[in-house]
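# A look at the structure
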Amino acid sequence: MSDVLGERRQLIGLAYRLLGSLSDAEDVVQEAYGRWFALSAPQRQAIERPGAWLTTVASRLCLDLLGSARARRERYVGEWLPEPLPADGLTDPADHVTLDESVTMAFLIVCASMTPAERVAFVLHDVFGYPFAEVAGVLGRTAAACRQLATSARRRVRAAAPVTAPAGSAEVVRAFKEAWEAKDIAGLVGLLDPSATAVADGGGLATTVLRPVSGGEQVARYTVDITERIPAMTLVERTVNGWPGLVAERDGVVVTVMAFDVAGGVVRRIWAVRNPEKLRPWRAGSGGQPRPVGSSEMGGTAPASASAQRFRVISSENGSLSIPRD
């Protein structure tokens, strides 16, 4: 039993890399375990590698979710960004995702542009080291076809996502924070690439721009404008998905998490996540949840998360299990 439950951390890491959402990853892993415990004792004993079985089930569940992601993204309010991860602070240590180059925001953004099959083949083989013969069993394709999928995905990653944080990234992010706090537009412009872009994700639950802000000066002015509109905001340096980033707090509660892409001593891209449903791990130790932004600022009650809508909880002799809704 302990060996089976010990697979949880790796399964969470796999599902997060495939889906870009910790909450969805948790749902998928819970469902995979639900299916395991739904097997009879003889059926479980006949499985030689429970970890591989769970990985296959979780990967197929992720594949199904990725297949419907395009339609869900079309209904998403504004820009969609992956759920950011803190370096620590997750409520359950078993849910901790190892922060390496395969969970950076830049990497996950590239993965989001892949086809579901490309993403599964690439993550299983290149990140977790599964042979293509086993990947083929997950995808229902030949090993040769899976190799081609992974090769295509690898080209995308190499072209768009740096493998490691460039030297001096932390210093650039710190200087950006200081210029932001000083409302120094000229200083911010000097730290931004002329073609820099800023993308924000509010998900319809937090006020933010609905389209990317392009151009160094435009990003700088938008950044200072945020300070004017939210004077009580405090900026804190934090590690975001393994790289130097910033967190904005208001009344001690995290309201925005920002990831940065730094190259050549300047910021090329900023990803700001404001959707409160994606900030749950960052608020675990904040001493209370803030009121839902959607209840007043957006003129309505915040809807349930997509993952909560897709699964319902049932009770069994093995505890609570999450299964897909009818």
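Below is a short write-up of the structure. Only a predicted model underlies this, so the values are computations on that prediction, with no experimental measurement involved. (Residues numbered from 1 in each chain as written. Predicted model: local features only at pLDDT ≥ 70, side-chain atom pairs only at ≥ 80, totals over all residues. Heavy atoms only, no water.)

### Let's talk about the overall build of the protein chain
- A count of helices and strands for the protein chain gives 13 helices and 8 strands.
- Expressed as a percentage of its 326 residues, the buried residues of the protein chain come to 47%.
- Intrachain contacts of the protein chain at a sequence separation of at least 6 include 62% that bridge at least 24 residues.
- Of the roughly 15200 Å² of accessible surface on the protein chain, a fraction of 51% belongs to carbon and sulfur atoms. (Helix = DSSP H or I, 4+ residues; strand = E, 2+ residues; numbered from the N terminus. Buried < 20%, exposed > 50% of the residue type's maximum accessible area, 1.4 Å probe, protein only. Contact = heavy atoms within 4.5 Å. Areas by Shrake-Rupley, 256 points an atom, 1.4 Å probe, with all protein chains shown as cover.)

### Points about the pattern of salt bridges
- Inspection of every chain in the model, using the stated rule, returns 13 salt bridges.
- Residues Glu217 and Arg221 are paired through a salt bridge, measuring 3.2 Å at the closest nitrogen-oxygen approach. One end of the pair is Glu217 and the other is Arg221, both in helix α12 (residues 216–229) and 4 residues apart, which spans about a single turn.
- Residue class for Glu217 comes out partly exposed when judged on its relative accessible area of 42%.
- A relative accessible area of 45% places Arg221 in the partly exposed class. (Salt bridge = Lys/Arg side-chain N within 4 Å of Asp/Glu carboxyl O.)

### Details of the side chain of Ser169
- For Ser169, the position within the fold is in helix α10 (residues 169–181).
- On the basis of relative accessibility, which here comes to 7%, the residue Ser169 falls in the buried class.

### What to know about the sheet that holds strand β3 (residues 234–240)
- Across the sheet, which stays open at both edges, the 6 strands sit in the order β2-β1-β6-β5-β4-β3 with mixed pairing between neighbours. Because the sheet does not close on itself, it has two edges, and the strands there are β2 (213–214) and β3.
- Direction of pairing for strand β1 (residues 192–201) relative to β2: antiparallel, over a ladder of 2 bridges. The residue bridging Ala198 from the neighbouring strand is Val213, located in β2.
- Relative to the sheet, α12 contacts β1, β2 and β6 (266–273), its axis offset from that of β1 by approximately 45°. (Pairing = 2+ DSSP bridges. Axes fitted to C-alpha atoms, helices over the stretch in contact; angles between N-to-C directions.)

### Focus: helix α9 (residues 143–160)
- For α9, built from 18 residues, the straight-helix expectation of 26 Å at 1.5 Å per residue is met to within 8% by its first-to-last C-alpha distance of 26 Å.
- Of the residues making up α9, those classed as buried are Cys146, Leu149, Ala150, Ala153, Arg154 and Val157. One face of α9 carries all of its buried residues, which in axial projection span an arc of 140°. Facing away from the buried surface of α9 by more than 90 degrees, the exposed residues are Ala144, Gln148, Arg155, Arg158 and Ala159. (Expected span 1.5 Å × (residues − 1). Arc of directions from axis to C-beta.)

### Here we look at the packing of aromatic side chains
- Going through the model one piece at a time under the given rule, you end up with 5 aromatic pairs.
- Relative to Phe37, the ring of Tyr33 has its centre 6.4 Å away and its plane inclined at 25°; by these criteria the two rings are stacked. Of this pair, Tyr33 and Phe37 both sit in helix α3 (residues 22–38), 4 residues apart, which is roughly one turn of the helix. Across this residue pair, the class does not change: Tyr33 and Phe37 are buried.
- Measuring from centroid to centroid gives 6.0 Å for Phe176 and Trp180, while their planes differ by 80°, and the two rings are edge-to-face. Placement of both Phe176 and Trp180 in helix α10 is noted, with a separation of 4 residues, approximately one turn of the helix.
- According to the relative accessible area criterion, Phe176 is buried, its value standing at 1%.
- The buried category is assigned to Trp180, whose relative accessible area is 4%.
- Joined through ring pairs, the aromatic side chains of Phe176, Trp180 and Phe260 make up one cluster.
- In this structure, Arg73 is placed above the aromatic ring of Trp80, and the distance from its NZ or CZ to the ring centre is 3.5 Å. (Phe/Tyr/Trp six-rings, centres within 6.5 Å; stacked < 30°, edge-to-face > 60°. Lys NZ or Arg CZ within 6 Å of the ring centre and 35° of its normal.)

### Let's talk about the nonpolar core
- Ranked by internal contacts, the top residues of the largest apolar core, which has 49 residues, are Val28, Val120 and Leu139.
- Contributing elements (two or more residues each) for this core: α2 (8–19), α3, α5 (50–75), α6 (105–112), α7 (116–127), α8 (132–139) and α9.
- Membership of the second largest hydrophobic core comes to 29 residues, among which are Val172, Ala198, Tyr222 and Val255. (Core = buried A, V, L, I, M, F, W, Y, C linked by side-chain atoms within 4.5 Å.)

### Let's talk about the pairing of β6
- Here β6 lies mainly inside the structure; 6 of its 8 residues are buried.
- As judged from the 6 bridges shared by β1 and β6, these two strands associate in the parallel manner. Note on β6: the bridge partner recorded for Val199 is Trp271.
- Alignment of strand β5 (residues 253–263) against β6, held across 7 bridges, turns out to be antiparallel. Bridge assignment links Ala263 to a residue of β6, and that residue is Val266.
- Hairpin remark: β5 followed by β6, antiparallel, with 2 residues in the connecting loop; positive phi at Gly264, about 65°.

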